[in-house]
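Here is how the chains run, residue by residue.
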Amino acid sequence: MLKQYQEAIENSNIVSKTDVNGIITFVNDEFCKISGYTKDELLGKNHNIVRHPDVPASKFKLLWKTIKSKQIYKTTVKNRAKDGSTFYVNTTVIPILDEKGDIEEFIAIRYDVTQEIFYKHSLEKKEKELEELNKELEKRVEAKTKELKELNETLEMRVKEEIKKNEEKQKVMFWQSRFASLGEMLANIAHQWRQPLTELSLTLFSLKKAALNNKEDEVTLLYSESKELIQNMSNTIENFSNFFKPDKEKQQFMLHESIEEALHILKRVLKKDMIQVKTSYQDVSVLGITNEFTQVIVNLLKNSRDAFVENGVLIREIYISVIRESNYAKVIVEDNAGGIKEKERYKIFEPYFTTKHNSQGTGLGLFMSKMICEKGFNGSLDVSSKKGTTTFIISIPLEGINEK
């Protein structure tokens, strides 16, 4: 039975013996296989034949101090094979005593952990890269936050100027609504980040788990997903900062591009709430401010999303189409979120009217959207509702628009 135990150990582990001076007296086939040396090349040689030059001498001093005091020594050792390659082994060195209790020889039992060490180093490298990416992202967030504050200050100055120039109630309310929208957008940044931060945490956990299980392909895939999540979070900050740049110069822009920008801003919200958006576009361009039109679409999509959630609709669909009709560009946004009550349909564009709880809405979103369509594009924003559906229609004249 002892012979069988010995064979079992030798066939499943890397085994060597040395005398009290560290001269090799026995090696098994596994030792030869991992080191690249033959038995003839190893027997009679000092065990430091496989010592790696990177390993400090202090480690070997500790080894000899431990085993010469008749204690077992355990560690992970970095060795060098005959061809110069590196391999790692978990090593247990056991002093063998004679009948008098003196050390007769040392036996070392090892097993190969080279792949695990390489995976560990690879994971540490990737974690360092992710840490650097996070630091860079923090810097960008800080910079963009500063930029948003500056934009906010710019908006405050513009509000004061407009109030001085025109005390009309509509103008004052319009700019008040812009501030409300800015507050909602800033809140949306935090909302947009919650899901990707959760995904990033889960991905990093899976990354570490995959590395420990030596799944190199999965490690690479999860690493790429982590970088993509971080980039998307960075893009979110970029999108929101660009959204409120105080650039009032009117330009020709394609309606479908502005709509796609709104869908991109709300992409994660729509995905999280399982809302399917179907689009159909004709190529139509209008003169105006693309960010303001994007803001109108964002307001309409957010209202649809809130209605889906409030009414508990399971199959959630939004249809957006752009068509050219006579001398008008028309944008149609339709949802199946339950429709609008007849008594509320005539009030939804009034300022401060809302069907939501006060903590969820200000009642300025649709009022502001209507103002943008009328004042910014000389157009109109209308609504109809039937059989559980709500349809908003934006009409913008294509000739002689925005002459003011």
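Structure: above.
A short tour of the structure in this document, coming up. (Residues numbered from 1 in each chain as written. Predicted model: local features only at pLDDT ≥ 70, side-chain atom pairs only at ≥ 80, totals over all residues. Heavy atoms only, no water.)

This next bit is on the overall build of the protein. For the protein, the helix and strand inventory stands at twelve helices and twelve strands. Residue pairs at least 24 apart in sequence account for 63% of intrachain contacts in the protein once pairs closer than 6 positions are excluded. Counting only carbon and sulfur atoms, one obtains 51% of the accessible surface of the protein, whose full area is about 23,400 Å². (Helix = DSSP H or I, 4+ residues; strand = E, 2+ residues; numbered from the N terminus. Contact = heavy atoms within 4.5 Å. Areas by Shrake-Rupley, 256 points an atom, 1.4 Å probe, with all protein chains shown as cover.)

As summarised here, the arrangement of the five strands in space is β7-β9-β10-β12-β11, forming an open sheet in which the pairing is mixed. Two strands bound the open sheet, and with one partner strand each, they are β7 (275–281) and β11 (380–386). Averaged over neighbouring strand pairs, the angle between their axes works out to 15 degrees when direction is ignored. Relative to strand β9 (residues 316–325), β7 is paired through seven bridges, and the arrangement is parallel. Bridge assignment links isoleucine 275 to a residue of β9, and that residue is arginine 316. In the packing of helix α10 (residues 290–311) onto the sheet, contacts are made with β7, β9, β10 (328–335) and β12 (389–397), and the angle to β9 comes to roughly 150 degrees. (Pairing = 2+ DSSP bridges. Axes fitted to C-alpha atoms, helices over the stretch in contact; angles between N-to-C directions.)

Let us look at the pairing of strand β8 (residues 285–288). Residues Val286 and Gly288 point to one face of β8 and are all buried, whereas Ser285 and Leu287, pointing to the other face, are not buried. Bridging between strand β6 (residues 251–254) and β8 involves four bridges; their strand directions are antiparallel. Paired with glutamine 251 across the bridge in β8 is glycine 288. (Buried < 20%, exposed > 50% of the residue type's maximum accessible area, 1.4 Å probe, protein only.)

By size, the foremost hydrophobic cluster in this structure holds 38 residues, and its most contacted members are Leu255, Phe293, Ile297, Val331 and Ile394. Of all the elements in the fold, those that place two or more residues in this core are α8 (255–265), α10, β9, β10, α12 (365–376), β11 and β12. Leaving out residues up to four positions away in the same chain, leucine 255 has contacts with Val284, Val286, Phe293, Val322, Ala329, Val331 and Ile396. Formed by 13 residues, the second largest nonpolar core is a distinct cluster that contains Ile24, Ile34, Leu42 and Ala81. (Core = buried A, V, L, I, M, F, W, Y, C linked by side-chain atoms within 4.5 Å.)

Further remarks concern the pattern of salt bridges. By the definition in use, this model includes eleven salt bridges. Close ionic contact of glutamate 41 with lysine 82 constitutes a salt bridge, the shortest N to O distance being 2.7 Å. Taken together, the positions of glutamate 41 in helix α3 (residues 39–42) and lysine 82 in the loop between β3 (73–80) and β4 (86–97) put the pair 41 residues apart, joining distant regions of the chain. The exposure class of lysine 82 is partly exposed, given its relative accessible area of 45%. Residues lysine 370 and glutamate 374 are paired through a salt bridge, measuring 3.3 Å at the closest nitrogen-oxygen approach. (Salt bridge = Lys/Arg side-chain N within 4 Å of Asp/Glu carboxyl O.)

This brings us to unusual backbone geometry. Residue methionine 274 is not a glycine yet carries a positive backbone phi of 55 degrees. Along the chain, the position of methionine 274 falls in the loop between α9 (267–272) and β7. What makes methionine 274 exposed here is its relative accessible area of 66%. Phi is positive for serine 326, close to 55 degrees, though the residue is something other than glycine.

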